[in-house]
Amino acid sequence: MSELNFLPLSGILVVILGFALRFNPLLVVTCAGIVTGWAVDLDYLTLLETFGEKFLNSRQLASFLLLLPVIAILERYGLQQHAKSWIASIKGATTARILSVYFVVRECAAALGLINLAGQAQTVRPLLAPMALGAASNLHGDLPKPIRDMISAHAAACDNIAVFFGEDIFIAFGAVLLMDAFLRENGIAGIEPLHIGLWAIPTAIAALIVHLFRLARLEAKIHQQIARHTEQQDSDGPAAREELA
Amino acid sequence: MSAMTTTATAQPALLSIGNIYLLIGFVVLFLVIKTLQDKDHPKRLTTALFWGLFGSVFLLGDLSVTYLGESLTYRWVGVCVIAIALLAGMGKVSMGSYDVPSDEVQTASARRIGNRLFIPAVLIPVVTVVCTILLKDIQLGSLYVFDQSHVTLAALTLACTIALLVSWKFTGGSPLQALGESRRLVDSIGWAAILPQMLAMLGGVFIVANTGTAIQDLVTLFVSPDNRFMLVVIYCVGMALFTMVMGNAFAAFPVMTAGIAVPFLIQGHGASPAPLVAIGMYSGYCGTLMTPMAANFNIVPAALLNLKDKYQVIKVQIPTALSLLFINILLMYGVIFND
C-alpha cells in the first residue's frame, strides 16, 4: 500500500461541523460538496457539472411529490380525524398494547408506502403519547415526571423504528430508488427495486419482534418504577410529593 | 462516470421516465403559481423562486440535454442547485397561508365518508405492486405503457392517477383542488423534500473525489480482504457509524457501498447485490436511531414532548438499534454469498 490520501474525507468533517452548528442541511451538504471538490483539486466547472449531473440523474427521488395530492385531498376530507377515531376505538388499552398496536399499524402502513400518514408532529404528540400516558395513569394514578418522560420517549421511538424499518419494503420509497440508482451507476445491472424491497422484509420482521418484545417488558418496568417511586416518596415524606405537582 | 442507463436502450413508452419528470415538473409549476397567488405568504417570492428553480430542472432538464448538450445543462442545473441551497440556507423558504376547513367540518366529512377514505390511500401501493409484477409488459400497439427500465416509477405514477380519480369520486374534491391542497404538505416538508437529491449529489461528489477509495484504504489497513465475515461486520458497522456522523443513511450509503461493499464483497466475493444493499441501508438506519444529527427524528420529538432529557428518545432507541445491527450482520453474512 503506497501513500494514503485522506483528503477526500474532508467533506465529512464539513458535514459534522455544519450539523453541529445547526446550519440548514441543504447548505451544509452543498458546502461539503464544494470543500471535497476543492480538497481533491477538482476544477470548479467540473465540480459544477458534477453537481448538475448528479442532481439531474437522481430526479426519481422526487417522485413522492406525485403521492401528495392524493394524501392532501384525503386529509382535507378528514382522513386524520377518521384515523384517530379508528385508533381510539381499540379497546383493552394499556401503554404497552397501545404502543404495540401503533407499532404494527405504522410499520405495515410504511411498508405500503403510507409514510406521511403519521409522524412525530402529526400523531405522536397529539395522539399516541397522550393515549399511552392515559392508559398508564388509568392503572397507576398520577405519574411522576421521569415515568411520564419515559413513556413519551417510548412513543416517539415507536414511530421512528416502525417507519424506518417498514418504509424500505415499499419499492417507490426514496431509499429503495436511491439504492437502485446507485447499483445502475456502478454498472450492476438486472436488479429491480422489487428485489431490494423484498430483501428489506427479514430485517423489518426482526425489528417487529425485537421492539414488541421490549414493549412487552415496558409494562413491568412502569410497575417497577412506580413502586420504587412510591417507596421513595413514603420515606421522603410530603415534601417530595409537592415536587410532583 | 456514466449516466444512468436510461436512454441507450430505452424503448418508446407511454409512461416514459421523461414524461414522468415532465409531470412532476408541471405539479411543481402549479405549486409555484399557487404560491405566487398566496397574498398572505410571508416569503412569497423567494419560496416561489426556490420551487421554481427545482421545478425547472424537471421541466427543462431533458429538453436542455437534447438542445444544449450535457455539459451546458449540467452547469445550469449546478447553478440552480447552489441557488436552492442558498435560498434555504438563508431561511428564505417558508410556509404560506392555507384555507383549511375546521376540525368539525373535517370530522363531519370523515363520518360521512367513513372507511372509504382509506381506499385511495391503500390503492396506491396495491396498484403499484400489481402493475410492477403483472402488467409491466403490456403494450398499446408498439408502444409500451410502462417505461421498461423504470417499471416501478411508471406504475407508481399510474397508481397515483387512479387514486386521485377514486378520491375525486368518494370525496367530491377535484384533482385540481387536490393539487392545490398538496401545497400545504409540500411546504410543511419544505427544504427536506430536496435533501435526498442533495445527498445523492454529495454522494456523487464523494465518488468523483474517490472518498470511497480513502475509506477502502482505511479498511485494508485493518482487515484482510479474504475475511468475509469481518468485511460484512465492517460494512454494517461502518454504515451505522457513518450514518451517525452524517445524520442520514442516504448520505452514508453511496460512500460506504462504493468503498467497501462493491470492491470487497460484490467484486471480491461475488456477493448478491439486492440483499447486500437492502440490509446495508438498514444497518445505516440503526445508526440514525442513535444520533442527535438525525434531528427531525430524535431531537425534535424530545422538544415536542417536553422531555427533560433531550437525548431520551435516543436512549430508548439504542437497545433496539444495537440488536438490529447485530441481526443485520448475521443476516447479511447468511444470505449474500451464493456459493
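The rules behind these values
Residues numbered from 1 in each chain as written. Chains lettered and ligands numbered in written order. Predicted model: local features only at pLDDT ≥ 70, side-chain atom pairs only at ≥ 80, totals over all residues. Heavy atoms only, no water. Pairing = 2+ DSSP bridges. Helix = DSSP H or I, 4+ residues; strand = E, 2+ residues; numbered from the N terminus. 1 Å grid on protein atoms, 1.4 Å probe; cavity = no way out; pocket = protein on both sides within 12 Å on 5 of 7 lines; lining within 4 Å. Points joined across faces, edges and corners; volume = space filled by probe spheres on them. Nonpolar A, V, L, I, M, F, W, Y, C, P; charged D, E, K, R; others polar. Axes fitted to C-alpha atoms, helices over the stretch in contact; angles between N-to-C directions. Parallel < 35°, antiparallel > 145°, perpendicular 65-115°, else oblique. Left-handed = near helix turned anticlockwise from the far one by under 90°. Contact = heavy atoms within 4.5 Å. Patch = residues over 30% accessible without salt bridge, like charges linked within 9 Å, V, L, I, M, F, W, Y side chains within 5 Å. Areas by Shrake-Rupley, 256 points an atom, 1.4 Å probe, with all protein chains shown as cover. Salt bridge = Lys/Arg side-chain N within 4 Å of Asp/Glu carboxyl O. Buried area = accessible area lost by both parts, 1.4 Å probe. Polar contact = N/O pair within 3.5 Å; in protein donor to acceptor, adjacent residues only side chain to side chain.

Taking an unreviewed UniProt entry as the reference, chain B is identified by name as DUF979 domain-containing protein belonging to Pseudoalteromonas viridis.

Looking at an unreviewed UniProt entry, one finds chain A named DUF969 domain-containing protein and attributed to Pseudoalteromonas viridis.

J.: Please give an account of the sheet that holds strand E2 (residues 139-140) of chain B that cites residues and values.
T.: Taken in spatial order, the 3 strands make up an open sheet running E1-E3-E2 (chain B), and their pairing is mixed. The sheet is open, and its two edges are formed by strand E1 (13-15) and E2 of chain B, each paired on a single side.

J.: I'd like a description of empty space enclosed by the protein, backed by residues and values.
T.: In this structure the tally under the stated criterion is 1 cavity of 30 Å³ or more. Counted as a void, the largest cavity has a volume near 50 Å³. Lining the largest cavity, in full, are A:Gln60, A:Leu177, A:Asp180, A:Arg184, A:Glu192, A:Pro193, B:Ser149, B:His150, B:Val151, B:Thr152 and B:Leu153. Mapped by element, the contributors of at least two residues to the lining of the largest cavity are helix H9 (174-185) of chain A together with helix H6 (151-171) of chain B. Considering only residue class, the lining of the largest cavity consists of 4 nonpolar, 4 polar and 3 charged.

J.: Describe the packing of helix H5 (residues 118-133) of chain B against H6(B), and please don't skip the residues or the numbers.
T.: All names here are of chain B. The geometry of H5 relative to H6 is characterised by a closest axis approach of 8 Å and an angle of 150 degrees between their N-to-C directions. The angle between H5 and H6 falls in the class roughly antiparallel. The crossing of H5 and H6 is right-handed. Contacts between H5 and H6 involve Ile-119, Pro-120, Leu-123, Ile-124, Val-127, Thr-128, Cys-131 and Thr-132 from the former and Val-151, Thr-152, Ala-155, Leu-156, Leu-158, Ala-159, Cys-160, Ile-162, Ala-163, Val-166, Ser-167 and Phe-170 from the latter.

J.: Could you give me a rundown of the packing of helix H11 (residues 249-269) of chain B against helix H12 (residues 273-288) of chain B, with the residues and numbers involved?
T.: All names here are of chain B. At their nearest, the axes of H11 and H12 sit 10 Å apart, and the two run at 140 degrees to each other. In terms of orientation, H11 and H12 fall into the oblique class. Every pair of crossing elements has a handedness; the one defined by H11 and H12 is right-handed. Seen from H11, the contacting residues are Ala-249, Phe-250, Phe-253, Thr-257, Ala-261, Leu-265 and Ile-266; seen from H12, they are Pro-273, Leu-276, Val-277, Met-281, Gly-284, Tyr-285 and Thr-288. Of the residues assigned to the contact of H11 with H12, the class counts are 11 nonpolar, 3 polar and no charged.

J.: How would you summarise a nonpolar patch on the surface if you had to cite specific residues and measurements?
T.: A cluster of nonpolar side chains, namely B:Val122, B:Val126, B:Val129, B:Val130, B:Ile133, B:Leu134, B:Leu135 and B:Ile138, defines an oily patch on the protein surface of about 610 Å² accessible area. If you trace the backbone, B:Val126 turns up in helix H5.

J.: Describe the interface of chain A and chain B, with residues and values.
T.: Listed by partner, the interface residues are 115 residues for chain A and 145 residues for chain B. Together chain A and chain B conceal approximately 11800 Å² of surface at their shared face, both sides included; 77% is due to carbon and sulfur atoms. When the buried surface of chain A facing chain B is broken down by residue, A:Phe55, A:Arg59 and A:Arg76 rank first, second and third, together holding 8% of it. Between chain A and chain B we count 5 salt bridges in total. For A:Glu49, the salt bridge identified is with B:Arg75, shortest N-O distance 2.8 Å. Here chain A and chain B share 24 residue pairs in polar contact (both at pLDDT 80 or more) between them. Broken down by element, the residue count for the side of chain A that touches chain B peaks at 14 residues, all from helix H8 (residues 145-167) of chain A. Classifying every residue of the side of chain A that touches chain B by side-chain character gives 74 nonpolar, 25 polar and 16 charged.

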